[in-house]
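Residue-level listing of the chains:
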Amino acid sequence: MENAYPGSNILVVTLTNGESKRVEAQSDEDTLREAMEVLTDMFGPNIPDANGILVPRWWNNRFQRGSYSNYPIISNLQVARHIKAPVGRIFFTGEHTSERFNGYVHGGYFSGIDSSKELLEEMRKDKERKSESQTLLLEPLLALTECNIPTQLYLSGKFGMAEPIFP
């Protein structure tokens with residue numbers, strides 16, 4: 001995560017298949033202890049202790065069941081762009097639409113930011129279009145204000161008397 005959040009000192013580890021099931025079944029404390037053992041083996045005993053851990057338990061989540069998206073190797077950026085392309089007023093976002101971090105939680109986060117920017121831009125354009133169309137509708141009315149218009153308009157009343165529409 002150093003490239004995404006410089007100075008954050010966040011380490012992201014991805015486990016798959018049986019290993020992810022094994023780690024999900026143990027406590028966060030056991031996972032943290034195991035991770036520190038691996039890091040100590042890799043970098044030596046003089047590394048700082050981690051001050052926290054987050055273990056998402058995707059295999060046990062009834063909405064995920066351990067799933068994540070994974071494009072085939074033959075895919076290119078155009079595939080991702082097609083998947084996230086809006087359909088009318090419906091915008092798609094999530095880790096599956098991330099070109100850079102596809103299949104990862106932070107890919108979903110960044111994708112959400114990108115989609116919100118696109119949505120705000122569309123809203124701005126829509127507001128401009130509505131403003132332009134209102135201006136086009138008002139132009140003939142504005143031209144009439146330069147003419148001599150009666151100060152009162154009347155409709156023929158029920159009893160044959162004139163009723164003012166507006167004074």
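For the structure itself, consult the block above.
Read on for an overview of the structure. Going along each chain's sequence as written, the residues are numbered from 1 onward. Local features in this predicted model are restricted to residues whose pLDDT is 70 or higher, and side-chain atom pairs enter the listing and the counts only when it is 80 or higher, whereas totals over whole chains, interfaces and linings include all residues. Only hydrogens and water are removed before side-chain values are computed, so all heavy atoms of the structure are retained for them.

1. Observations concerning the overall build of the protein
Moving on, step 1. Per the convention used, a helix needs a DSSP run of H or I reaching at least four residues, while a strand needs a run of E reaching at least two, with both numbered from the N terminus. A count of helices and strands for the protein gives four helices and two strands.
Moving on, step 2. Written out in order from the N terminus, the α and β elements of the protein read α-α-α-α-β-β.
Moving on, step 3. Accessible area is worked out with a 1.4 Å probe on protein chains only. A residue is then buried under 20% of its type maximum, exposed over 50%, and partly exposed in between. Burial analysis of the protein (167 residues in total) assigns 14% to the buried set.
Moving on, step 4. Areas reported as accessible are Shrake-Rupley estimates using a 1.4 Å probe. Residue values count occlusion only from the protein chains shown. Carbon and sulfur atoms form 59% of the exposed surface of the protein, whose accessible area is close to 13700 Å².

2. Some details on a nonpolar patch on the surface
Moving on, step 1. Exposure above 30% relative accessible area and the absence of a salt bridge qualify a residue for a patch, where like charges join within 9 Å and nonpolar side chains (Val, Leu, Ile, Met, Phe, Trp, Tyr) within 5 Å. Here a salt bridge means any side-chain nitrogen of Lys or Arg lying within 4 Å of a carboxyl oxygen belonging to Asp or Glu. A grouping of Tyr5, Tyr109 and Ile113 is seen on the molecular surface, where their side chains present a nonpolar patch of about 260 Å² in accessible area.
Moving on, step 2. Within the secondary structure, isoleucine 113 is located in helix H4 (residues 105–144).
Moving on, step 3. Classification of isoleucine 113 by relative accessible area gives partly exposed; the value is 31%.

3. Section: the environment of serine 116
Moving on, step 1. Relative to the assigned elements, serine 116 resides in helix H4.
Moving on, step 2. As for serine 116 and phenylalanine 91, which are separated by 25 residues in sequence, their C-alpha atoms are 8.9 Å apart.

4. Some points on the packing of aromatic side chains
Moving on, step 1. Under the pairing criterion, centres of Phe, Tyr and Trp rings, with the six-membered ring standing for Trp, must be within 6.5 Å; the plane angle then separates stacked pairs below 30 degrees from edge-to-face pairs above 60, leaving the rest tilted. Taken as a whole and assessed by the stated rule, the structure comprises two aromatic pairs.
Moving on, step 2. Judged by centre distance (5.6 Å) and plane angle (40°), the rings of phenylalanine 101 and phenylalanine 110 are tilted.
Moving on, step 3. Seen in terms of ring centroids, tyrosine 109 and phenylalanine 110 are 5.5 Å apart; in terms of plane orientation they differ by 65°. Their pairing is edge-to-face.
Moving on, step 4. Counting as a charge over the ring demands two things of the Lys NZ or Arg CZ atom: a distance within 6 Å of the ring centre and an angle within 35 degrees of the ring normal. Here the guanidinium or amino end of lysine 21 rests over the ring plane of tryptophan 59, the centre of that ring lying 4.4 Å away.

5. Overview of helix H2 (residues 28–43)
Moving on, step 1. Take the number of residues in a helix, subtract one, and multiply by 1.5 Å to get its expected span. Here H2 is 16 residues long and its end C-alpha atoms lie 22 Å apart, about the 22 Å a rise of 1.5 Å per residue gives.
Moving on, step 2. Taken as a whole, H2 has its buried residues at Thr31, Met36 and Leu39. Projected down its long axis, H2 shows its buried positions confined to an angular sector of 135°, all on one face.
Moving on, step 3. The contact rule is simple, with two residues in contact once any of their heavy atoms fall within 4.5 Å. Along its buried surface, H2 packs onto helix H1 (17–25). When we speak of the arc, we mean the arc of directions from the helix axis to the C-beta atoms.

6. Description of the side chain of threonine 97
Moving on, step 1. Here threonine 97 shows up in the loop between helix H3 (77–84) and H4.
Moving on, step 2. Look at threonine 97 and you get buried, because its relative accessible area is 1%.
Moving on, step 3. Here glycine 94 takes part through its backbone oxygen, which lies 2.8 Å from a polar atom of the side chain of threonine 97. Any pair of N or O atoms that falls within 3.5 Å is considered a polar contact. Within protein, one atom must be able to donate a hydrogen and the other to accept it, and sequence-neighbouring residues count only if both atoms are side-chain atoms.

7. A few points about the environment of lysine 21
Moving on, step 1. Relative to the assigned elements, lysine 21 resides in helix H1.
Moving on, step 2. Judged by relative accessible area, lysine 21 falls into the partly exposed class, the value being 46%.

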